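# Observations on the model geometry
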Amino acid sequence: MECATITRPSKPPSNISEIVCKFAKVCRIRSIGVFYSEISNHHNPNNINVSMTMSEDGSDNKVEETECGGVKVHPQPIEVRCKSNECGDMEIMKLFEIVSKLKLAYVQLQEAHIPYDPEKIKAADELVVAELEALCKTKRMYKEKQLTKVKFDSSCSDVLKAEIEVNEKILQKLKSQVEVKESEIFHLQQELQDLHLRNAIMADKITQQSLETNNVRVLDVKMFEDSFKAASKSIHEFAKPVISLMKASGWNLDLAATSIEAAVAYSKRCHKKYAFEAYIARRMFHGMSLHSYNVHDIMKFDDPFVYLVHKPDSDFAKFCRKKYLLVVHPMMEASFFGNLDQRVFVSSGKNPRTPFYQIFVKMAKWIWILQGIASSIDPKAKIFVVNKGCEFSNVCMESVEELSEGTAGNGEEQTSCKVEFMVMPGFRIGDTLVKSQVYISRMN
């Protein structure tokens, strides 16, 4: 592409590189838009009139001037003469259009930072890159045409090369800025994720503290009675998997029930489950001496196994390990699981994360609470048992059969019943008597 000349009053013709230089420097003023006003060919088909109007608000009412190499440049129509058809109107228009779009894209990129809008930044960045690529394409086309020239104007070539180098530096600078911004966005996203995580942890702590505050209750007889019912229910819940594992292991449940409580007249065969519950309760309350200690810590946890994880060396953890070894016989565990690994694990002072042991811990929690609450309410609190064969009295006893069926006992009929065996011991706390739970049968 040959260089075009610029016709201006009292100025000698110049080449296209000077036009580009002047136009680029005009674009550096405070305007935010460049528009083409008109292109006319009234006097000469090879003449192009380009009008550039720049203003602060994008309107065409105010015209400013700037300098290029010490010479004032007025954004007024100028004449451009092409020496050959290779420097045509469309090529000049395309070059101006690319530069104008590049400036507008860069302004959009700056505006997208205040306020900071990632989506707009991304869109503006893509637009800047597209225009820079178009500019690079124009540069390549220009270089290819230069190779075909027979006569080459060295001064024009030097100016264009300098402009290309400047544009390449600008391109590299813009790419570096984009990389920096992307890196900042990535780090900000990481910080945001960390903040969300910390907020979630703090919310959990606040929730836990709220639950702990709500779970702190006053120790009284009513609370002890509720804990007694919960302990009885937990023993019943633990007996279910024990019986199921015995069935799966091939145990004879009738013989096992007889070995626990012999010569019992069961009204129903399914009532033999009470013999296993009595065995578990007997082992759990064995050697229990009522003394006062703090039970609030363990009561704060719905799942007592979580408490064991946090405090594996607590008195409650020691109580669980001791009672597990007492309740679950080695022969039972071997038949249930095929080995004694869990027993060895418990004996070593650890708490296995098995479903069976976790159910046991839930039961042990309420036995532990009963023992601590009783003496905390009344230092003279006592635990009492009911012997086999004694006459049933609804003053200090209640039938587990009626409790399970949800029916109220009839005192006149129950006086003719005898106790086959005790399932849960009773408690005397001050003037309050918490009835023992027994399995009864009719007296002949």
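Okay, so let's go over this structure. (Residues numbered from 1 in each chain as written. Predicted model: local features only at pLDDT ≥ 70, side-chain atom pairs only at ≥ 80, totals over all residues. Heavy atoms only, no water.)

## A few points about the overall build of the chain
Each helix and strand in the chain was counted, giving 15 helices and 10 strands. For the chain, contacts bridging at least 24 residues in sequence account for 69% of all contacts bridging at least 6. A total of about 26,100 Å² of accessible surface is found on the chain, and carbon and sulfur atoms cover 55% of it. (Helix = DSSP H or I, 4+ residues; strand = E, 2+ residues; numbered from the N terminus. Contact = heavy atoms within 4.5 Å. Areas by Shrake-Rupley, 256 points an atom, 1.4 Å probe, with all protein chains shown as cover.)

## Here's the deal with the pairing of strand 7 (residues 417–424)
Most of strand 7 is tucked away, with seven of its eight residues classed as buried. Here strand 7 pairs with strand 10 (residues 436–442) via six bridges, running antiparallel. Of the residues in strand 10, the one forming a bridge with Met422 is Val438. (Buried < 20%, exposed > 50% of the residue type's maximum accessible area, 1.4 Å probe, protein only. Pairing = 2+ DSSP bridges.)

## Focus on the pattern of salt bridges
Evaluation of the coordinates by the stated rule reveals 11 salt bridges. Residues Lys101 and Glu97 are paired through a salt bridge, measuring 3.0 Å at the closest nitrogen-oxygen approach. With Lys101 and Glu97 both in helix 2 (residues 89–111) and four residues apart, this pair spans about one turn of that helix. Taking the relative accessible area as the measure of exposure, Lys101 reaches 37% and is therefore partly exposed. Across the pair Arg343 and Glu333 runs a salt bridge, and its minimum N-O distance is 3.8 Å. Taken together, the residues span a long stretch of sequence, with Arg343 in helix 12 (residues 341–347) and Glu333 in helix 11 (residues 330–337) at a distance of 10 residues. Here Arg343 and Glu333 have matching classes, each one buried. (Salt bridge = Lys/Arg side-chain N within 4 Å of Asp/Glu carboxyl O.)

## Remarks on the packing of helix 7 (residues 273–285) against helix 10 (residues 315–327)
Packed helix pairs are characterised by how far apart their axes lie and by the angle those axes make with each other. At a closest axis distance of 9 Å, the pairing of helix 7 and helix 10 adopts a crossing angle of 135°. One way to sum up the angle between helix 7 and helix 10 is to call them oblique. When you trace helix 7 past helix 10, the crossing you get is right-handed. Contacts from Tyr279, Ile280, Arg283, Met284 and Phe285 of helix 7 reach helix 10 at Phe319, Lys323, Leu326 and Val327. Its residues placed into classes, the contact of helix 7 with helix 10 shows seven nonpolar, no polar and two charged. (Axes fitted to C-alpha atoms, helices over the stretch in contact; angles between N-to-C directions. Parallel < 35°, antiparallel > 145°, perpendicular 65-115°, else oblique. Left-handed = near helix turned anticlockwise from the far one by under 90°. Nonpolar A, V, L, I, M, F, W, Y, C, P; charged D, E, K, R; others polar.)

## What about the sheet that holds strand 6 (residues 397–399)?
Within the open sheet, the three strands sit side by side as 6-10-7. Their pairing is mixed. Every other strand in the sheet has two partners, leaving strand 6 and strand 7 as the edge strands with one partner each. Sheet twist, expressed as the average angle between the axes of neighbouring strands with direction ignored, equals 45°. Running over the sheet, helix 5 (residues 221–248) touches strand 7 and strand 10 and is turned about 90° from strand 7. Of the strands in this sheet, strand 7 and strand 10 touch helix 7, which is tilted by about 55° from strand 7.

## Section: the nonpolar core
Met284, Phe285, Tyr357, Phe360 and Phe421 are the most contacted members of the largest nonpolar core, which has 66 residues in total. The leading source of residues in this core is helix 13 (residues 355–377), at 12 residues. Setting aside its immediate chain neighbours within four residues, Phe360 contacts Phe238, Met284, Cys320, Lys323, Tyr324 and Val327. In terms of nonpolar packing, the next biggest core, distinct from the first, is built from nine residues, Ile98, Leu102, Val128 and Leu174 among them. (Core = buried A, V, L, I, M, F, W, Y, C linked by side-chain atoms within 4.5 Å.)

## Comments concerning the side chain of Glu401
Along the chain, Glu401 falls in helix 14 (residues 400–405). For Glu401, which is buried and forms no salt bridge, the nearest opposite charge comes from Lys268, at a distance of 5.7 Å. A polar contact is formed between the side chain of Glu401 and the side chain of Ser267, at a distance of 3.5 Å. (Lys, Arg positive; Asp, Glu negative; His and termini not counted. Polar contact = N/O pair within 3.5 Å; in protein donor to acceptor, adjacent residues only side chain to side chain.)

## Here's the deal with the sheet that holds strand 8 (residues 426–429)
Taken in spatial order, the three strands make up an open sheet running 5-8-9, and their pairing is antiparallel. Only two strands of the sheet have a single neighbouring strand rather than two, namely strand 5 (382–384) and strand 9 (432–434). Between one strand and the next, the sheet's axes are offset by a mean angle of 20°, whatever the strand orientation. Here three bridges tie strand 8 to strand 9, and the two strands are oriented antiparallel to one another. Looking at strand 9, one finds that Ile429 is bridged to Thr432.

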